[in-house]
Each structure stands twice: as C-alpha cells, then as structure tokens.
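A closer look at the structure
Here are the chains, one letter per residue:
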Amino acid sequence: MIERTPEQHSEKMKKKQAAHDKIMATKTQEKGLLIVHTGKGKGKTTAALGMVVRAIGHGRKVGVVQFVKGAMTTGEKTVFDAFPDNVEFKPMGEGFTWNTQDRSRDIALAREAWDEVKRMIADPAYDMVLADELNIVLRYDYLPVEEVLEAVTARSAMKHVLITGRNAPDALIEAADLVTEMTLVKHPFRSGVKAQPGIEF
C-alpha cells in the first residue's frame, strides 16, 4: 500500500472529483426507466422494494403487483399498507406453480395480475409500477412476452417500470434500460436454514 501525505491525498481526490464532475455534466437526460432484476441470487424483489421505499420518500405514487406471492403474509405488505396514499400493493398469486399444480388456474391468475399491471402502467397517477416475479410467469408461458413489451414500450415518458424474477427473457433484457443479475454465491437454504420472516418474506 502506498503511503500518501494528507496533501497528496487531497490532490488526488481533487482530480477524482474533477473527472467525476466532467462525466456528470454529460448526463442531462431524465426518463422513465424499464428496470429488470433477474438471476439465481437472492435480492431481486428486495432491491425493487427498496426502490419503492425511495419513491415513497419522494412523495411518489407506486403500484406493486406480486405474481407469485399472495398465499403468504409478507412484511413488505404490512409496511406499505401504512402508506395508502403512496402505494397500492396487490399480492395476486397463490404461490409457486409447484404449489398450485394447476396450470389453467395459474394462467388465469397471471392474466388477472397482468391486467392490474397494465392498468397501473396506463394510469398517469402512478409514477412507478413493480411487476414482482413477472419473469416467472413469462418463463412458464403464462403470458406472451410480446404483450408485456408492448405495454412497457407504450408507457408514458417518465413512468418507471420494474420487473423481477429469474430467467428474464432475452427480449425483455434487450428492451430494458437497466438490468441487474443477482448471482448466487452462498445461501443458507443450502445449509438447511428455512425461509425466515424479515429475510425472505
């Protein structure tokens, strides 16, 4: 490690700040983003819900539709129910497809949830819409990805749309402005630790 005097450190940080300011001066555009969280690692929904919290902090209106969750009580629903003017939170699933074991019912529920997402995307009152675990629905062909792309492409210029879930289709990744892939490095489930309140739900 190189030892620097306080003066050398200060000079180096001034150069970094100048370079940063130069880059930031070129970033002038504002627009609604299509954001995709995918990958095998934990944190896709958690990160999206963090953005919902930020939006609440800025007084924005957010719509949240959960495609899989709904059969269980989650901590996030309890929190967001305390902000009825800022968040419409709709868990509309009945669990994972292996829980229901009824493809036709899963497709019908996915369609109902997607209709809610489309309503929120079309409604100018919402600044942000989160379609939680929509990628799972797309993976199992419960909805056509073309229909999803059509709706998110037609959204108003400043509306943010977040889509989460493993195995995001290539067409959605291509259309997105921001894509984050969560990578699994280590998970307690593999060591026999069950899903716990406040961590997984």
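That block above? That's the structure.
Presented here is an overview of the structure given in this document. Everything numeric here is computed off the predicted structure, so don't read it as measured data.

Here is what the cut-offs are and how they apply
- Residues numbered from 1 in each chain as written.
- Predicted model: local features only at pLDDT ≥ 70, side-chain atom pairs only at ≥ 80, totals over all residues.
- Heavy atoms only, no water.
- Helix = DSSP H or I, 4+ residues; strand = E, 2+ residues; numbered from the N terminus.
- Expected span 1.5 Å × (residues − 1).
- Buried < 20%, exposed > 50% of the residue type's maximum accessible area, 1.4 Å probe, protein only.
- Arc of directions from axis to C-beta.
- Core = buried A, V, L, I, M, F, W, Y, C linked by side-chain atoms within 4.5 Å.
- Pairing = 2+ DSSP bridges.
- Axes fitted to C-alpha atoms, helices over the stretch in contact; angles between N-to-C directions.
- Contact = heavy atoms within 4.5 Å.

Turning our eyes to something else, we now look at helix α5 (residues 103-122). What sets the pattern is the α-helix's 3.6 residues per turn: residues three or four places apart point alike. Relative to the 28 Å expected for 20 residues at 1.5 Å per residue, α5 spans 28 Å between its end C-alpha atoms, a close match to the ideal helical length. When α5 is considered as a whole, its buried residues turn out to be D106, L109, A110, A113, W114, E116, V117, M120 and I121. In a view along the axis of α5, the buried residues occupy a sector of 155 degrees, so they form one face of it. For α5, the exposed residues set more than 90 degrees away from the buried face come down to S104 and A122.

Here the focus is the nonpolar core. Judged by nonpolar contacts, the single largest core of 29 residues is most densely connected at F67, W114, V117, L134 and I163. Going through the elements one at a time, β1 (34-38), α5, β4 (128-132), α6 (134-139), α7 (145-153) and β5 (160-164) are the ones with two or more residues in this core. Ranked by size, the runner-up nonpolar core spans 14 residues in total, among them V52, I56, V87 and L130.

Glycine aside, negative phi is the norm for most residues, and most peptide bonds take the trans geometry. Positive phi, close to 60 degrees, is recorded for D141, a residue that is not glycine. Within the element layout of this structure, D141 appears in the loop between α6 and α7. The class of D141 is exposed, set by a relative accessible area of 58%. Look at N167: it is not a glycine, yet its phi comes out positive at around 55 degrees. Within the secondary structure layout, N167 lies in the loop between β5 and α8 (170-175). By relative accessible area, which is 40% here, N167 ends up partly exposed.

Right, let's get into the sheet that holds β5. Spatial strand order, β3-β2-β4-β5-β1-β6: six strands in an open sheet with parallel pairing. Edge positions in the sheet fall to β3 (87-91) and β6 (178-181), since each of these pairs with one other strand and no more. Going across the sheet, the axis of each strand differs from the next one's by a mean of 10 degrees, ignoring polarity. For strand β2 (residues 62-66) and β4, the ladder comprises five bridges, and the chain directions are parallel. Within the sheet, the bridge partner assigned to V65 lies in β4 and is A131. α5 contacts β2, β3, β4 and β5 of the sheet and is inclined by roughly 170 degrees relative to β2.

Nothing here speaks to function; it is geometry throughout.
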